[in-house]
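Commentary on secondary and tertiary structure
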Amino acid sequence: MKVLVTGVGGQLGHDVMNELAKRGIDGIGSDIQPEYSGVQDGTPVCTMPYVSMDITDISMVEQIFQAERPDVVVHCAAWTAVDDAEDEDKQKIVHNVNVTGTENIARSCKELDAKMLYLSTDYVFDGEGEKPWEPDCKEYAPLNVYGKSKLEGEQAVVNYVEKFFIVRIAWVFGVNGANFIKTMLRVGENHDVLTVVKDQIGTPTYTYDLARLLVDMIGTEKYGYYHATNEGGYISWYDFAKEIFKQAAELGKDCYDKGHLTVKPVTTEEYGVSKAKRPFNSRLERSKLTEQGFEPLPDWKDALARYLNIIL
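Residues numbered from 1 in each chain as written. Predicted model: local features only at pLDDT ≥ 70, side-chain atom pairs only at ≥ 80, totals over all residues. Heavy atoms only, no water.

**Thoughts on the state of the cysteines**
Counted only if it meets this: Note that a disulfide, as used here, is simply two cysteine sulfur atoms within 2.5 Å. With a 1.4 Å probe rolled over the protein chains alone, any residue whose accessible area is under 20% of its type maximum counts as buried; one over 50% counts as exposed, and the rest are partly exposed.
This structure, assessed with the given rule, holds zero disulfides. For the unlinked cysteine Cys 109, the closest cysteine sulfur is that of Cys 76, found at 13 Å. Residue classification places Cys 109 among the buried residues on the basis of a relative accessible area of 1%.

Structure (structure tokens):
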């Protein structure tokens, strides 16, 4: 099995490549950068082949697919800056990357009869209510430009590829790149009081754990829609922040101890309006994973502990 991974410069693509290498699976990484460093954020990356590919350029995509002829594509490349996506001058770029780029990948997968795994998001739903979103739910109502573009990406995959996995994730964190945990740790070093929203509910997803699941998945023919986050129940961003600082303090980081830092819960309205509307309900129903024989991701507190031990 030969696997092409797009977006290896990001959090998830980085970990998928390492997971493939760990298992001895033939892989090739791609991203828009001309070259790919063997180290990201101080962490070694496997030395598998790399090819520079602009997914919005259909001629380039077709040429690379014909040259490499992958059996499977794990499509991690995406525009993920949610607030920036609302800027009028950025919306065409967002569409080109998340929709046109995904369609280019899907068309090329069809040509080779290759499997395609597409990473999506809870943002394809309206984020209302308290009931977890089922993976096969079709009540789509994206709240913002980013969510709309990812939904259109899903539709492109379904339109072109028969052997597809669409995996929706939420609240992602990994070693390579920016995320909520790194932001909290950075801001917490220089502030006595932090305000964090308490009325947006979901579950974190550690890319190291997710990469294991995705590589398991592409080795099967259990196609369809899935939701994948870490286990451990549904929490608020406020709950997540408290646990981040608690575990950081336990690791000896005194600046995050309760005596030096207070985390206050606020509503989304009290926190202030961002450019992009955010979902209140990011609960994703994950039971389909076990029903299909896949191993669930570990508890999010365990994932956080392992992550902090790497980055602190």
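**Brief notes about the pattern of salt bridges**
As a reminder of what qualifies: Whenever a carboxyl oxygen of Asp or Glu lies within 4 Å of a side-chain nitrogen of Lys or Arg, that contact is scored as a salt bridge. Here a strand is any run of E in DSSP of at least two residues, a helix any run of H or I of at least four, and the numbering for each starts at the N terminus.
With the rule as written, the count across this model stands at 16 salt bridges. Linking Asp 216 and Arg 23 is a salt bridge whose minimum nitrogen-to-oxygen distance equals 2.7 Å. Of this pair, Asp 216 sits in helix α6 (residues 207-218) while Arg 23 is found in helix α1 (residues 11-23), placing the two residues 193 residues apart along the sequence. You can call Asp 216 partly exposed: its relative accessible area is 24%.

**What to know about the pairing of strand β6 (residues 72-75)**
Definition in use: At least two bridges found by DSSP between two strands are what make those strands a pair.
Where burial is concerned, the two faces of β6 agree: the one with Val 72 and Val 74 and the one with Val 73 and His 75 are both buried. As defined by bridge partners, strand β1 (residues 2-6) adjoins β6 across four bridges and the pair is classed as parallel. Bridged to Val 3 within β6 is Val 72.

**Focus: the sheet that holds strand β13 (residues 224-227)**
Adjacent strands of a sheet pair through backbone hydrogen bonds, lying either parallel or antiparallel. Inclusion rule: With axes taken as lines fitted to C-alpha atoms, and helix axes fitted only over the stretch in contact, angles between N-to-C directions fall between 0 and 180 degrees.
If you walk across this open sheet you meet the seven strands as β5-β2-β1-β6-β7-β8-β13, and the pairing is parallel. If you trace the sheet from one side to the other, it starts and ends with β5 (50-52) and β13, each paired once. Across the sheet, the mean angle from the axis of one strand to that of its neighbour is 20 degrees, orientation sign disregarded. Pairing geometry for strand β8 (residues 164-169) and β13, over four bridges, is parallel. In the sheet register, Phe 165 faces β13, and the bridge partner there is Gly 224.

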